[in-house]
Amino acid sequence: MHPIDGLPALREVIVKYGFQAKKTLGQNFLFDLNLTQKIAQIAGLTAEDTAIEIGPGPGGLTRALLKTNAHKVFAIEIDPRAINVLEELKQIENQRLVIIQGDALSINVAEITSAPRKIIANLPYNIATPLLLMWLKQADLFKSMTLMFQKEVAERIVAQPKSKNYGRLSVMCQAQAVCKRMFDLPPSAFTPPPKVTSSVVHFVPRTPTIPPKFYQALEIVTKFAFGQRRKMLRSSLKGLNIDINALLEKAQIDSSQRAEELSLQNFLKLAEIYQSFSPNHFL
Ligand code: SAM
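Figured I'd write up the structure that's included with this text. Predicted model only: the values in this text are computed from it and were never measured. Here the residue numbering is sequential within each chain, running from 1 through the sequence in written order. Where local features are concerned, this predicted model is filtered to residues with pLDDT of at least 70; where side-chain atom pairs are given and counted, the filter is 80 or more; whole-chain, interface and lining totals use all residues. As a convention, hydrogens and water are excluded, and side-chain values are obtained from all of the structure's heavy atoms.

Quick word on helix α9 (residues 168-176)
At step 1: Only protein chains enter the accessibility calculation, which uses a 1.4 Å probe; a residue is then buried when its area is under 20% of its type maximum, exposed when over 50%, and partly exposed in between. Strands are runs of DSSP state E lasting at least two residues, helices are runs of H or I lasting at least four, and both sets are numbered from the N terminus onward. Counting buried positions over the nine residues of α9 gives eight, a clear majority of the element.
At step 2: When α9 is considered as a whole, its buried residues turn out to be L169, S170, V171, M172, C173, Q174, A175 and Q176.
At step 3: Its buried side turned inward, α9 meets α7 (128-137), α8 (151-158), β7 (177-185), β9 (198-205), α10 (212-227) and α13 (264-277). Here, residues are in contact when the closest pair of their heavy atoms is within 4.5 Å.

Have a look at this one:
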């Protein structure tokens, strides 16, 4: 038996420490260790990997991560109450578990961990998309990301052209990583239950990922294209302040098409040409 299996059940732990879930911190806990193990397994952690968990809370997913071969587990948590709760886990895994109290949005994980890195998290929903966009910008730092989102967000991440969920988030995510929706969890899997169904998405960054300036160009092009998604590209892209007809012609895209009809390759081409049309913008 692994020493972690001898720890008290998570439900007992939160009672013992009076760790009431706070809505403002997006605290919806997973107590079912079969589920946390299932998430950890998707990450496929090996003895070389550093696991980075955002928001360990009472530590259900952290327990599962520590039961893998990962050589270190970094757990970043904003709520000081959780740090006490994780103490018993820390006593068993003092060498491998590093607990950091802080705001994940302002922590550059590359500075505090070594590669190869894998992020695994049941994310607080209020900051899940900003965290994802921050990591996508530097996707080459990560071997994979295994992240829980609201199902609606997961659907947008993996959406394909000509579907209602296809948008800027789909293009930005798929440009940087192969994204796969792995499984859904009903509200009842969490304590307290959220209002919506959740989904785990697995991201494997492309090799190579796209360079920062190109990524920036893609952000701008998708912002305008999807900002007015019902309009034809010849008018939705006007805000780019360049010769739109020349841009679309060079990219071999019909100017009467709408953003939701364009493939990932179309967007990459548009960003490439846009960058070459306004090089000063990307110095
Ligand atoms: N991992 C635990 C589980 O699966 O049961 C808890 C997941 S809960 C959905 C989200 C966790 O993220 C909470 O523990 C919350 O306190 C933490 N959190 C919220 N905002 C955060 C932030 N800005 N930085 C780090 N952690 C944060």
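Regarding the packing of aromatic side chains
At step 1: Centres within 6.5 Å make a pair out of two Phe, Tyr or Trp rings, where for Trp the six-membered ring is used; the pair is then stacked when the planes are under 30 degrees apart, edge-to-face when over 60, and tilted otherwise. The tally for this structure, following the rule as stated, stands at five aromatic pairs.
At step 2: On the numbers, 6.4 Å between centres and 40° between planes, the contact of F29 with F31 is tilted.
At step 3: In this structure F31 comes out as buried when scored by relative accessible area, which is 13%.
At step 4: One aromatic cluster is present, formed by F19, F29 and F31 through successive ring pairs.
At step 5: The rule is short: NZ of Lys or CZ of Arg within 6 Å of the ring centre and within 35 degrees of the ring normal puts a charge over the ring. Its guanidinium or amino end placed over the ring of F183, K38 lies 4.0 Å from that ring's centre, counting from NZ or CZ.

Section: the pattern of salt bridges
At step 1: For this analysis, a salt bridge means a side-chain nitrogen from Lys or Arg found within 4 Å of a carboxyl oxygen belonging to Asp or Glu. Using the criterion set out here, one finds 12 salt bridges in the structure.
At step 2: Across the salt bridge formed by E155 and R181, the nearest N and O atoms sit 3.9 Å from each other. Here R181 lies in strand β7 and E155 lies in helix α8, a separation of 26 residues in the sequence.
At step 3: The partly exposed category is assigned to E155, whose relative accessible area is 23%.

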